[in-house]
Amino acid sequence: MAATPRPLIAGNWKMNGLKSAGLREVKKLATRMDKVSKPGCDVLICPPATLLAPLRDAVKGSGIAIGGQDCHGNAAGAHTGDIAAAMLKDIGCGYVIVGHSERRADYGENDRMVRAKAVAAHGAGLRAIICVGETAAERKNGETLKIIGKQLTDSLPKNSTAKNTIIAYEPVWAIGTGLTPTVDDVKEVHAYLRSRLRRRLKADGVAMRLLYGGSVKGSNAAELMAVDNVNGALVGGASLTAADFWPIVETCL
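Read on for a plain summary of the structure.

Rules used in this analysis
Residues numbered from 1 in each chain as written. Predicted model: local features only at pLDDT ≥ 70, side-chain atom pairs only at ≥ 80, totals over all residues. Heavy atoms only, no water. Helix = DSSP H or I, 4+ residues; strand = E, 2+ residues; numbered from the N terminus. Rg over C-alpha atoms; globule rule 2.2 N^0.38 Å. Buried < 20%, exposed > 50% of the residue type's maximum accessible area, 1.4 Å probe, protein only. Contact = heavy atoms within 4.5 Å. Areas by Shrake-Rupley, 256 points an atom, 1.4 Å probe, with all protein chains shown as cover. Lys, Arg positive; Asp, Glu negative; His and termini not counted. Charge placed at Lys NZ, Arg CZ, Asp CG, Glu CD. Pairing = 2+ DSSP bridges. Axes fitted to C-alpha atoms, helices over the stretch in contact; angles between N-to-C directions. Salt bridge = Lys/Arg side-chain N within 4 Å of Asp/Glu carboxyl O.

**Here's the deal with the overall build of the chain**
Inference 1: When helices and strands are counted, the chain shows 11 helices and eight strands.
Inference 2: In terms of overall size, the chain behaves like a compact globule, its C-alpha atoms giving a radius of gyration of 17 Å where 253 residues would be expected to give roughly 18 Å.
Inference 3: Overall size of the chain, expressed as C-alpha extent along the three principal axes, is 45 × 45 × 35 Å.
Inference 4: The burial tally for the chain puts 49% of its 253 residues in the buried class.
Inference 5: Within the chain, residue pairs in contact and separated by at least 24 positions form 73% of the contacts whose partners lie at least 6 positions apart.
Inference 6: Split by element, the accessible area of the chain, about 11600 Å² in all, is 53% carbon and sulfur.
Inference 7: Distance between charge centroids for the chain: 5 Å, based on 33 positive and 24 negative side chains.

**Quick word on the sheet that holds strand β3 (residues 64-68)**
Inference 1: Read around the closed barrel, eight strands run β1-β2-β3-β4-β5-β6-β7-β8, paired in parallel fashion. Each adjacent strand pair in this sheet contributes to an overall mean axis angle of 25°, direction not counted.
Inference 2: Bridge analysis of strand β6 (residues 165-169) against strand β7 (residues 210-213) gives three bridges, and the strand direction is parallel. Across the sheet, residue A168 finds its bridge partner in β7, namely L211.
Inference 3: Along the sheet face, helix α7 (residues 144-155) touches β5 (127-132) and β6 and points at about 150° away from the line of β5.

**Some thoughts on the pattern of salt bridges**
Inference 1: Inspection of every chain in the model, using the stated rule, returns 15 salt bridges.
Inference 2: Across the pair D70 and K117 runs a salt bridge whose closest N-O atoms are separated by 2.8 Å. Of this pair, D70 sits in the loop between β3 and α3 (85-91) while K117 sits in helix α5 (residues 111-123), placing them 47 residues apart in sequence. The burial state of D70 is the same as that of K117; both residues are buried.
Inference 3: Sharing partners across several salt bridges, the network here consists of D70, R103, E109 and K117.

**Quick look at unusual backbone geometry**
Inference 1: At K202, a position not held by glycine, the phi torsion is positive, near 60°.
Inference 2: Following the sequence through the fold, K202 ends up in the loop between α8 (183-201) and α9 (203-207).
Inference 3: Even without a glycine there, the phi angle at S215 is positive, about 55°.
Inference 4: If you trace the backbone, S215 turns up in the loop between β7 and α10 (218-225).
Inference 5: Its relative accessible area of 14% is what places S215 among the buried residues.

Here you go:
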């Protein structure tokens, strides 16, 4: 029987955080991590690009990784305001989020664009966290599995492995709303994602980490992390302070 994938608790700070406050919170987190001799999970913070370098330095030696919130599908070029995967790698990132629903909605990113970003991430030596998820209307119409199945198929690069790719299921209607699917809903979706990955990637599909995201907080994290095929969390607002984020991390330690 294949080993259970090592959990990952990832914090997505989105467009939040100035240097002083960001450093203060991540240092608190690093101090707590330093007291854990053998962590049972990986911990990741994805801050705004302006904080990548200072937070990288602040968490050095703590075991906390730093990642980007997005990257461009091209290696370089005339793309004002964008950041290349190689730039993230160069500054010390190990991961990058691609295909977050806010990027899909706000910037019209489709699965083809998300796949190109994941390919770029792989090429730069980054782990791509590929996000999938349905809207409230799609769930109401009974289209959840159809939608996430298509997103997974069309967003996942051919060279994806358990080492370079992580899938995050984030129901769009649960992000930042305080709403979460039932445990049975999460179990159904993650089992479906696992079966699709297993068919496509064989052993890598079994070993690939599946994260749940969408209003994850200390009060519901343990229940969500105990669901079959949930190998960690992609956390939004609750990752902004060590006080809120640490209880989520603790569920996997």
